[in-house]
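Each chain, letter by letter, is given below.
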Amino acid sequence: MLNSVVIGNGKSREGKDLKTIQNANIIACNWFFKHEFEPDVLITSDEDITNYILKMYPNFRCHYKAKNNYSSGATGTRVAIDKFNSDNVFLVGMDFFGIDGKVNNVYSGELYYTPENFIAPDSNEWQIQFEEIIRERVDVNFYHVDPLNEISPNRLLKLNNFHQLTYKGMVDKLSKGE
């Protein structure tokens, strides 16, 4: 089995030891590499962050800029299936929703990020992007890992190849090579 873990910026990923992930390609978004470690692939969508990384880190191992107005998370998911041909894609920190109507991002307030107390952006477009990818690739299993408040978008829960999974469940699957 080929596995990829796409790590978003949602607060549901806080407290997870992401360095222990094994047997998977690690695809992460934006400032992840500054706070955690260099992933196999870094995805950026925001023009300012992209330009900053290209200027300040010109030798970054593998960097993709989101295209077609895709979010970083959706682009990372696309990379998991198109570049790595993954059988299983685990979505960590892909919260799809704000918290109490406010921004839900572990990097809130950092360079090029909105403050935490700002109104959350409409996540409908992100959900549509993921739905499109998941519908297109019925041969791939997509796992929403420890979703925020155990809530995944209804439009995704209706898809047969989209599942919720605990972080421990993901670690167990990966350690067994499933």
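Look above for the structure.
Since the model is a prediction, treat every value here as computed from it, not as a measurement.

> Please set out the nonpolar core residue by residue, giving values where relevant.
Counting 25 residues, the largest nonpolar core has Val5, Ile7, Leu18, Ile21, Phe90 and Met170 as the members making the most contacts within it. Of all the elements in the fold, those that place two or more residues in this core are strand S1 (3-7), strand S2 (25-29), helix H1 (32-35), helix H2 (47-56), strand S5 (88-92), strand S6 (141-145) and helix H6 (167-175). A total of 3 residues in this core trace back to one element, the largest contributor, which is H6. Discounting chain neighbours no more than four positions away, the residues touching isoleucine 7 are Arg13, Leu18, Ile21, Ile26, Ile27, Ala28, Cys29, Phe32, Val92 and Met94.

> Go over helix H4 (residues 124-136), please, and point to the residues and values.
If you check H4, its first and last C-alpha atoms are 18 Å apart, about what 13 residues at 1.5 Å a residue would give, namely 18 Å. Inspection of H4 places Gln127, Gln129, Phe130, Glu131, Ile133 and Ile134 among the buried residues, and these make up the whole buried set. On its buried face, H4 is in contact with helix H3 (72-82), S5, S6, helix H5 (154-157) and strand S7 (162-165).

> Any chance you could break down the packing of aromatic side chains for me, citing the residues and the numbers?
All told, the structure shown has 9 aromatic pairs when counted by the stated rule. Ring geometry for tyrosine 52 and tyrosine 112: centres 6.1 Å apart, planes at 65°, overall edge-to-face. One end of the pair, tyrosine 52, is in helix H2; the other, tyrosine 112, is in the loop between S5 and H4, and 60 residues separate them in sequence. A network of ring pairs unites the aromatic residues Trp31, Phe33, Tyr52, Tyr57, Phe60 and Tyr112 as a single cluster. In this structure, lysine 34 packs its charged tip against the face of tryptophan 31, placed 4.3 Å from the ring centre.

> Let's hear about the pattern of salt bridges: which residues, and what values?
For the structure on display, the rule yields 10 salt bridges. Between arginine 13 and glutamate 36 there is a salt bridge, with its nearest N and O atoms 3.9 Å apart. Placement of arginine 13 in the loop between S1 and S2 and of glutamate 36 in the loop between H1 and strand S3 (41-44) is noted, with a sequence separation of 23 residues between them. By relative accessible area, which is 29% here, glutamate 36 ends up partly exposed. Between glutamate 47 and lysine 65 there is a salt bridge; the shortest N-O distance is 3.7 Å. Of the two residues, glutamate 47 is situated in helix H2 and lysine 65 in strand S4 (residues 63-65); the sequence distance between them amounts to 18 residues. The network of salt bridges with common partners includes Arg78, Glu132 and Glu136.

> So what's going on with H6? Which residues, and what values?
Residues Tyr167, Gly169, Met170 and Leu174 constitute the buried set of H6. Viewed along the axis of H6, the buried residues span an arc of 160°, placing them on a single side of the element. Of the residues trailing H6, glycine 177 is marked for its positive phi of about 70°.

> If you had to explain the environment of aspartate 40 to someone new, which residues and values would you point to?
Its location among the elements puts aspartate 40 in the loop between H1 and S3. Classification of aspartate 40 by relative accessible area gives partly exposed; the value is 28%. What aspartate 40 contacts, discounting residues up to four positions off in sequence, is Ala24, Asn25, Ile26, Arg61 and Cys62. A distance of 2.7 Å separates a polar side-chain atom of aspartate 40 from the backbone nitrogen of isoleucine 26.

> Any details on the sheet that holds S6? Residues and values, ideally.
With parallel pairing, 7 strands are arranged side by side in an open sheet as S4-S3-S2-S1-S5-S6-S7. Single-partner strands in this sheet number two, and they are S4 and S7. Across the sheet, the mean angle separating the axes of adjacent strands is 25° when strand polarity is ignored. Pairing between S1 and S2: 4 bridges, direction parallel. Bridge pairing in S2 links valine 6 to isoleucine 27.

> Go over unusual backbone geometry, please, and point to the residues and values.
Positive phi, normally seen in glycine, also occurs at asparagine 23, with a value near 60°. When you line up the elements, asparagine 23 lands in the loop between S1 and S2. Residue classification places asparagine 23 among the partly exposed residues on the basis of a relative accessible area of 46%. Of note in this structure, glutamate 150 is not a glycine but carries a positive phi near 60°. Assignment of secondary structure puts glutamate 150 in the loop between S6 and H5.

Rules behind the numbers
- Residue positions are given per chain, counted from 1 along the sequence in the order it is written.
- In keeping with the predicted nature of the model, local features appear solely for residues at pLDDT of at least 70, side-chain atom pairs appear and are counted solely at 80 or more, and the whole-chain, interface and lining totals rest on all residues.
- To get the side-chain values, all heavy atoms of the structure are used, and hydrogens and water are removed first.
- Note on terminology: a nonpolar core comprises buried Ala, Val, Leu, Ile, Met, Phe, Trp, Tyr and Cys residues joined through side-chain atoms within 4.5 Å.
- Relative accessibility thresholds used throughout: buried, under 20% of the residue-type maximum; exposed, over 50%; partly exposed, between the two (1.4 Å probe, protein chains only).
- A run of H or I in DSSP counts as a helix once it spans at least four residues, and a run of E counts as a strand once it spans at least two, with each numbered from the N terminus.
- For this analysis, residues touch if any pair of their heavy atoms sits within 4.5 Å.
- The span expected for a helix works out to 1.5 Å for each residue beyond the first.
- Any Phe, Tyr or Trp ring, taking Trp's six-membered ring, that has another such ring centre within 6.5 Å forms a pair; planes under 30 degrees apart are called stacked, those over 60 apart edge-to-face, and the others tilted.
- Cation placement over rings: the criterion is NZ of Lys or CZ of Arg within 6 Å of the ring centroid and within 35° of the ring normal.
- Just to be clear on terms, a salt bridge is a Lys or Arg side-chain nitrogen sitting within 4 Å of an Asp or Glu carboxyl oxygen.
- Throughout, the arc means that of the directions going from the helix axis to the C-beta atoms.
- N or O atoms closer than or at 3.5 Å make up a polar contact, with two conditions inside protein: a donor-capable atom paired with an acceptor-capable one, and, for residues adjacent in sequence, both atoms drawn from side chains.
- We call two strands paired when DSSP finds no fewer than two bridges between them.
- Angles shown run from 0 to 180 degrees and are taken between the N-to-C directions of axes, each axis being a line fitted to C-alpha atoms and, for helices, limited to the stretch in contact.

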